[in-house]
Every structure is written in C-alpha cells, then in structure tokens.
Amino acid sequence: MKAVVIREFGPVGSAQVEDIETPQPGPGEVRVEVALAPANFVDTLVMRGAYQFLPERPFVPGKGPVGTVSALGADVADLRIGDRVLAMVEQGGYAEVVCAAADQCYALPDAMGFEQATTISLAYDTAWMALTDRAGLKEGETVLVLGATGAVGLAAIQLAKARGARVIAGVASPEKAALVQDAGADATVDIARDDLRNTLRAQVHDLTGKAGVDVVIDPLGGDFFDAALRALAWRGRLVVVGFAAGRIPTLRANYLLLKNIAVTGVQISDYRKRRPDLMRQCFAEVFDLFVAGAIRITPVQVYALEDYARALSDLVDRRATGRVALRP
C-alpha cells in the first residue's frame, strides 16, 4: 500500500510516500480502507519531532481518517465488513489502509458522506469537549471563538449555536467574515488590529454592553490569549486548545483572582484513553446534530496523498480555510 513514512524527524515534506506492507488487524482491531485523512496542524509537530507524544520510528502519521471496514480481527463484535467509520487512530492515517481499535471506530450515519465525516475528527470532538466538559457552556451565554475560520473554530461556532449560545468570531481579515457568519456567528471582531491587548477588549465590550464574554475558545495562544483574557466577563472561562500562533503564553495567577475567571485546556487524545464514555456521547451528539440539520459541515479542500506537504503548508500558512484532507 502507499503511505507517507516518517523514518527521521525533520521538516514537513522531507518524508516520502512509499510502498509498504499492508497491515493486518490484530485482536480487537479492524482494517479500514482509507477514503480521506484530515491534515492537522498537530501532524506537522509530530513530523518535526516537536510534539509531546511521539511514536517510535518509522511510522505513518495521520490522525482520525475515515473509510470502510475491510477486515475484522478476533473478538470484534460491533462492526461488520463494509461499515463506513471514523477511525480515531493516533497515527497511520496518511495511507491507503490503516488498522484501528474497534472501540475507537464510530459508525457514520447514512446521511454523512466521507468528505463531511473527515471534518469531524480533532475538530468537532475538540470543540465539543472544550465547550461542554471544560467550559460548561450554558444556554444564553456568549462565546468568543478565536481562530474562527480554522477547523476547530468553525466547529465551535456551530456547536455553541446548537447549545443556544451567542457567538462572536475572531477573524483576521474582512473577507473571512462571511465564512464564520455562514457557520452561525452572530458577530465578528477583528483580531488583526494593532494593540490587540486593548482593541480586542474594546470590540468585545461594544458587542456585550461592556460585560465581556462568558467563554473563550482559544486555538491560537500567544498575544491572542493575552488579549482574550481581558475580554472575559466576571466568572468567565477560557479554554486553551492549542498554540497555532507560535508562542505558548504565560499567566499571572493574580489575574484569576481579580476577575474570578478560570483557564483550562483540552488535550483530546486523553479523553479517548481516560473517558471513552464521554467520547461516545460526543460523537453521538455531533452525528445527531448533523442528521437533524443543526450543524452544516463546511467544504473540504482535498489533496492527493502525494501532495501532503503542500496540504500541510497551505494549512499552516492559512492559505486554506476550514478543513484540509488527503485522498490516498
């Protein structure tokens, strides 16, 4: 089978697409013929050896592909050959075939195609956990979503709206406002302004009667984190999702006391290991919302597997909007 193989950590694009042996499912596993694999920012960190959890080399990168079950290992009872699934693997997705634990595979609704399904992994599950488990979002609250045109940001907008929240989306250019508004955002703020520390709070206060927002979803970090803290309402909650802006921010604890705010974070793979019950609940709700028409999956930009480096470059440099996926 064809696969991107990481033999040494290095710059994105240094790995080759190789012909390697097709894996066979072990006990409790299924083999999945990959239809699409999402390209994620975290994949670039893994490839460079800069992520906190690194597999032994050589390995095939790629988390959360979608495809069709083609073989069953021993002791698999809940899946059948031909089932279409979202396979929540930590690696192996950048390939024609991947083996996954059966209990980490989620059968897709009949109404959901593969392009729609490939937007789910590491986006809707991350956003759901951030809003539900970490922020405890309540109906009627106001949410500020940073990095709103990215995969997690667009998911967070739609899930927050489905919960009855008001959503303010942070965008870096006016031409991207239509995308977040189409996803359901009630208003936008400009996160590309000078003196963001003050201008973000001013924009949020204009939209909230100076109250601030109840929840911030932050996949950016850096200066955006610093500014968003000041835009929180009393007893507000900020959820750290990632550091796409580059700098990992720090926080003076006295600020937590002054505003009675909470800062927490989401590392989604830990939920699969520690709270599989919550993950089942998460995907069940997301699939139900999709079938009911309460969320609409944004278009996916699809690249050939051989073009994985260009796909990741377009993602990191923000030339791509929404979700990027690879087709073997």
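As the structure is a computational prediction, the values presented were derived from the model and not from experiment.

Draft legend 1. Fine view of the pairing of strand β15 (residues 323-327). Burial analysis of β15 places four of its five residues in the buried class, the great majority of the element. Across five bridges, strand β14 (residues 300-304) lies against β15 in parallel orientation. Each residue of the ladder has a partner; that of alanine 304, found in β15, is arginine 327.

Draft legend 2. Spatial organisation of the sheet that holds strand β13 (residues 262-265). Strands sit in the order β10-β9-β8-β11-β12-β13 across an open sheet of six strands; the sheet is parallel. Looking at which strands have only one partner, the edges of the open sheet turn out to be β10 (187-190) and β13. The mean angle between the axes of side-by-side strands here comes to 20 degrees, regardless of whether they run parallel or antiparallel. Packed on one face of the sheet, helix α7 (residues 222-230) meets β11 (213-218), β12 (232-240) and β13 and runs near 155 degrees to β12.

Draft legend 3. Spatial organisation of the pattern of salt bridges. Under the defined criterion, the tally for this structure stands at 20 salt bridges. Here arginine 247 makes a salt bridge to aspartate 223, at a shortest N to O gap of 2.9 Å. Highlighted residues: arginine 247 in the loop between β12 and α8 (254-259) and aspartate 223 in helix α7, separated in sequence by 24 residues. Arginine 247 sits in the partly exposed class, given a relative accessible area of 36%. Through salt bridges with shared partners, a single network forms among Lys63, Glu90, Asp125 and Arg272.

Rules and cut-offs
- Residues numbered from 1 in each chain as written.
- Predicted model: local features only at pLDDT ≥ 70, side-chain atom pairs only at ≥ 80, totals over all residues.
- Heavy atoms only, no water.
- Buried < 20%, exposed > 50% of the residue type's maximum accessible area, 1.4 Å probe, protein only.
- Helix = DSSP H or I, 4+ residues; strand = E, 2+ residues; numbered from the N terminus.
- Pairing = 2+ DSSP bridges.
- Axes fitted to C-alpha atoms, helices over the stretch in contact; angles between N-to-C directions.
- Contact = heavy atoms within 4.5 Å.
- Salt bridge = Lys/Arg side-chain N within 4 Å of Asp/Glu carboxyl O.

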